[in-house]
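This is what each chain is made of:
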Amino acid sequence: MTTTLPDTVAPAPSSTPGTSASPTARQLWTRSRALIAAFLVLLSFGIAYAAVNSGENHDALDPRSPDSGGTRALAVLLADQGVTTTVVTTSARAAAAAGPDTTLLVAVPDLLTDRQQSALHKATERSGGRTVLLAPTPASTKTLAPGVTPFADTTVRVHGPDCDLPTAQRAGDATTGGISYTVTEPIEARADSCYPSGGHPTLLRLPAGNGGDTVVLGSYDLLLNEHLDEQGNASLALQLLGAHPKLVWYLPSLDDTSALDGGQQSFLELIPAGWNWALLQLFIAALIAALWRARRLGPVVAEQLPVAVRAAEATEGRARLYRRARARTRAAEALRAAARSRLAPLVGIPPSQADEPDVLATAVAARLTDPAIDVRTLLHGAPPPDDAALLRLADDLDTLERSIFSTERYANP
């Protein structure tokens, strides 16, 4: 008895160095699905985080926020003294509100563009009111406080006033620090330098025209709800911000349309600098990951296998696996598919129609001399119920192929 099983010869490794097959779509998906999944998880987390934090929570330094980092307590105390606090988020409204009866507080001056800083300084320079800058760095002191230069970062702690400014003398010790400053001549002679740290002031008062002034504060901790009741913080804050009946609290925002220099900017120019650096880091990380995943710095080298597996052994090994798994259905379909692929060219059927029962079975039956053979059942029948039926199917398929081969050989010598 001869049993014919489908050919499962393992392909030999290519002996031509430097050649490689292009990856299929399935291989590309397998390699990239982990990165895609990680990106989707990160995107979902970002959306969820934005949704959770899009409620009524206000930012730090916001006079409407009762959180520890907010300044609502200070706003309430100012209101008790008759000072009205107005929150604005655009530099145009902040500049328009400047006046002799107004204190303008710029919460984060470093967020302002050059055009915003110039417009704001022009509006406040001769307004006669007070401008308070919180922790400005060289990015903003050059325009908003000419002559003032940040010297060093210092520890935020309790400092003594150590100056003749009546406001500081009445407040006494306060939580200051953050940034210390230096003042150039001739402004230094007119400036009030208070709460020094390391010999350099952390609070400056710079007189301006029309009786106004500019206050530079190296740290905003003394204004926060959690520190307002410590030392002389409340007294100092109330005197600095309550000098006029109106307080305009300017919180710079990303949707400030007045930040557009010249009115027209490209998409990349509208992206904050921090995002540009983040995108650059992500690009470098992606490039490094791509180089790591490539891992091949030269042509493909064919590797000689230590053992050559014969086709017959591979076929028998697969057959044993089928038997151990009792995969008779799969084994039978493999036998039938192999028989159909070999019979189709013998009877003149295109390979594309080899699996069509009506086409192949009719053509094979027309060439058989024994009408008792049920070709359709052999090639497209039900799975065998046991191992004995599987063996009979293999024998019957082998007999069918031999019969067709003999018939075709004698018909076309």
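My aim in this report is to walk through the structure given alongside it, one point at a time. (Residues numbered from 1 in each chain as written. Predicted model: local features only at pLDDT ≥ 70, side-chain atom pairs only at ≥ 80, totals over all residues. Heavy atoms only, no water.)

**Describing the overall build of the chain**
Across its full length, the chain holds 15 helices and 9 strands. When the 413 residues of the chain are sorted by exposure, 34% land in the buried category. Split by element, the accessible area of the chain, about 24900 Å² in all, is 58% carbon and sulfur. (Helix = DSSP H or I, 4+ residues; strand = E, 2+ residues; numbered from the N terminus. Buried < 20%, exposed > 50% of the residue type's maximum accessible area, 1.4 Å probe, protein only. Areas by Shrake-Rupley, 256 points an atom, 1.4 Å probe, with all protein chains shown as cover.)

**Description of the environment of Val148**
Relative to the assigned elements, Val148 resides in strand β4 (residues 148–159). When the C-alpha positions of Val148 and Pro136 are compared, they lie 9.8 Å apart, and in sequence the two are 12 residues distant. When neighbours within four sequence positions are excluded, Val148 is seen to be in contact with Thr141, Tyr181, Thr182, Leu204 and Leu206. (Contact = heavy atoms within 4.5 Å.)

**A look at the sheet that holds strand β2 (residues 102–106)**
On the basis of which strands lie adjacent, the open sheet formed by 7 strands has the order β1-β9-β2-β3-β8-β7-β6 and mixed pairing. The strands lining the two open edges of the sheet, one partner per strand, are β1 (84–88) and β6 (192–197). For this sheet, the mean inter-axis angle between neighbouring strands, taken without regard to orientation, is 15 degrees. Two elements, β2 and strand β3 (residues 130–134), share 4 bridges in a ladder whose sense is parallel. Each residue of the ladder has a partner; that of Val106, found in β3, is Leu133. Seen against the sheet, helix α8 (residues 233–241) touches β2, β3, β6, β7 (200–207), β8 (213–217) and β9 (246–250) and runs at an angle of roughly 135 degrees to β3. (Pairing = 2+ DSSP bridges. Axes fitted to C-alpha atoms, helices over the stretch in contact; angles between N-to-C directions.)

**Examining the environment of Asp256**
Relative to the elements of secondary structure, Asp256 occurs in the loop between β9 and α9 (267–270). Overall, Asp256 belongs to the buried group, its relative accessible area being 5%. Separated by 167 residues in sequence, Asp256 and Thr89 have C-alpha atoms that sit 7.0 Å apart. Dropping the residues within four chain positions of it, Asp256 is found in contact with Thr89, Thr90, Ser91, Gln116 and Tyr250.

**Overview of the environment of Val215**
Position of Val215 relative to the elements: it lies in strand β8. Overall, the relative accessible area of 1% leaves Val215 in the buried class. Taking C-alpha positions, Val215 is 9.9 Å from Leu241, a pair spaced 26 residues apart along the chain. Filtering out sequence-adjacent residues up to four positions away, Val215 remains in contact with Arg130, Thr131, Val132, Leu133, Leu204, Arg205 and Leu240.

**Side note on helix α4 (residues 114–125)**
An α-helical turn contains 3.6 residues, so a residue and the one three or four places further along point in the same direction. Relative to the 16 Å expected for 12 residues at 1.5 Å per residue, α4 spans 16 Å between its end C-alpha atoms, a close match to the ideal helical length. Of all the residues in α4, the buried ones are Gln116, Gln117, Leu120, His121 and Thr124. Summarising the axial view, the buried residues of α4 lie within an arc of 125 degrees, below the 170-degree limit, and thus occupy one face. Exposed residues pointing more than 90 degrees away from the buried face of α4 are listed as Asp114 and Lys122. Residues of α4 that are buried make contact with α3 (91–97), β2, β3, α5 (138–144) and β9. (Expected span 1.5 Å × (residues − 1). Arc of directions from axis to C-beta.)

The values are spatial; any link to function lies outside them.
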